[in-house]
Amino acid sequence: MTEECGSTLTNAGDRLVSQRSTHHTSNVDCTIKLIAPYGFTNIKLDFEWLHMEHATSTTCYDYIEVYDGYTSLSTIVLRACGTTTPADIFSSGNSLTLRFYSDSSNSGRGFSLVFTAYNTGSCSASDEFRCSVGDICIDRSLVCDCKRNCGNNADEQLCDGGCGAGAVTYSVGVVNFAVSMVLSIGYLYIM
């Protein structure tokens, strides 16, 4: 995340890690804005892990904050430190603001999270994938990308050759065939 300090990210989804090294650096105060790209209405955060310095259950020396909106003046929905992985966060609109802060001493592993732009309701048949939980539709490009964009990992479970392979394989009896995507509305497009 520190490489993107001050930036606004508008992609459909990705993984954000507090730093590239084993432990985050000290004296960091970094803010990033996440805005859902055109065609998507909300953003979901799914924390993979958290390991940040804290003094007590109510005092954080190093922390990540999440604001429901475009600035750090928006409503704060999370301030997390320690090692308890936060629950998923769903924005009320098309943006979230993240702030990562660390003091001058003791640094931990930091955090890793996956952010995903999504819609609710009907999915676009050609561009979106329906997650089996939460009634959300994500960009088709996020399927088989080795990131848990659907809360239950549904977007990674049927990848031919594991995540990152880009195709989905289904078995019907003794016949196997590859497809590029299965839409939850029941249509199967064979490519």
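Since this is a predicted model, take the numbers as computed values, not measurements.

Trainee: Looking at this model, I keep getting lost on the side chain of Glu128. Mind explaining?
Mentor: Note that Glu128 resides in strand β10 (residues 128-130). An unpaired buried charge is present at Glu128: no salt bridge exists, and Arg130, the closest side chain of opposite charge, is 7.2 Å distant. Within the structure, Glu128 has its side chain in polar contact with the side chain of Asn119 (distance 2.9 Å).

Trainee: Mind showing me how you'd approach the state of the cysteines here?
Mentor: As used in these notes, a disulfide is a covalent bond between sulfur atoms, one from each of two cysteines. Considering all chains together, one arrives at five disulfides under this definition. What pairs with Cys5 in a disulfide is Cys30, and their sulfur atoms sit 2.1 Å apart. On the sign convention where negative is left-handed, the bridge of Cys5 and Cys30, at about -130° about the S-S bond, is left-handed. On the criterion of sequence distance, the pair formed by Cys5 in the segment before β1 (8-9) and Cys30 in strand β3 (residues 28-35) is long-range, its members being 25 residues apart. We classify Cys5 as partly exposed; its relative accessible area is 38%. We classify Cys30 as buried; its relative accessible area is 1%. Residue Cys131 pairs covalently with Cys150 via a disulfide, S to S 2.0 Å.

Trainee: Just checking my understanding: could you explain the packing of aromatic side chains for this structure?
Mentor: Aromatic ring pairs are defined here through the distance separating the ring centres and the angle between the ring planes. Inspection of the entire model under this criterion finds four aromatic pairs. Ring geometry for Tyr63 against Tyr101: centres 5.1 Å apart, planes inclined by 25°, an arrangement best described as stacked. Of the two residues, Tyr63 is situated in strand β5 (residues 63-68) and Tyr101 in strand β8 (residues 95-102); the sequence distance between them amounts to 38 residues. Residue classification places Tyr63 among the buried residues on the basis of a relative accessible area of 6%. Centre to centre, the rings of Phe100 and Phe111 are 5.5 Å apart; their planes meet at 75°, and the pair counts as edge-to-face.

Trainee: Help me understand the sheet that holds β5, please; the structure alone is not making it clear to me.
Mentor: Strand pairing in a sheet relies on backbone hydrogen bonds. The paired strands run either parallel or antiparallel. As summarised here, the arrangement of the five strands in space is β1-β3-β8-β5-β6, forming an open sheet in which the pairing is mixed. Bordering the open sheet on either side are β1 and β6 (75-80), each of which pairs with just one other strand. In this structure, β5 lies alongside β8, joined through five bridges in antiparallel fashion. Across the sheet, residue Glu65 finds its bridge partner in β8, namely Arg99.

Trainee: Mind showing me how you'd approach the nonpolar core here?
Mentor: The tendency in soluble globular proteins is for nonpolar side chains to be buried side by side. Grouped together as the largest cluster of nonpolar side chains are 29 residues, with contacts concentrated most on Leu34, Leu45, Phe111 and Leu113. Contributions of two or more residues to this core are made by β3, β4 (42-51), β5, β6, β8 and β9 (110-120). Residues in contact with Leu45, not counting those within four places in the same chain, are Leu34, Val66, Asp88, Ile89, Leu96, Leu98, Leu113, Val114 and Phe115. By size, the runner-up hydrophobic cluster in this structure holds 12 residues, among which are Tyr118, Ile136, Val143 and Cys144.

Trainee: Hey, could you run me through the pattern of salt bridges in this one?
Mentor: Opposite charge on two side chains permits pairing when their charged atoms draw close. In this structure the tally under the stated criterion is eight salt bridges. Notably, a salt bridge pairs Arg130 with Asp135, separated by 2.5 Å at the nearest N-O pair. Through salt bridges with shared partners, one network takes in Asp29, Glu65, Arg79 and Arg99.

Trainee: How should I be thinking about unusual backbone geometry in this particular structure?
Mentor: The phi torsion of most residues other than glycine is negative, and most of the peptide bonds are trans. Here Cys144, not a glycine, exhibits a phi torsion of approximately 60°, which is positive. By secondary structure assignment, the location of Cys144 is in the loop between β11 (136-139) and β12 (168-172). Phi at Cys146 takes a positive value of approximately 70°, unusual for a residue other than glycine. Note that Cys146 resides in the loop between β11 and β12.

Rules of the game
Residues numbered from 1 in each chain as written. Predicted model: local features only at pLDDT ≥ 70, side-chain atom pairs only at ≥ 80, totals over all residues. Heavy atoms only, no water. Helix = DSSP H or I, 4+ residues; strand = E, 2+ residues; numbered from the N terminus. Buried < 20%, exposed > 50% of the residue type's maximum accessible area, 1.4 Å probe, protein only. Lys, Arg positive; Asp, Glu negative; His and termini not counted. Salt bridge = Lys/Arg side-chain N within 4 Å of Asp/Glu carboxyl O. Polar contact = N/O pair within 3.5 Å; in protein donor to acceptor, adjacent residues only side chain to side chain. Disulfide = S-S within 2.5 Å. Phe/Tyr/Trp six-rings, centres within 6.5 Å; stacked < 30°, edge-to-face > 60°. Pairing = 2+ DSSP bridges. Core = buried A, V, L, I, M, F, W, Y, C linked by side-chain atoms within 4.5 Å. Contact = heavy atoms within 4.5 Å.

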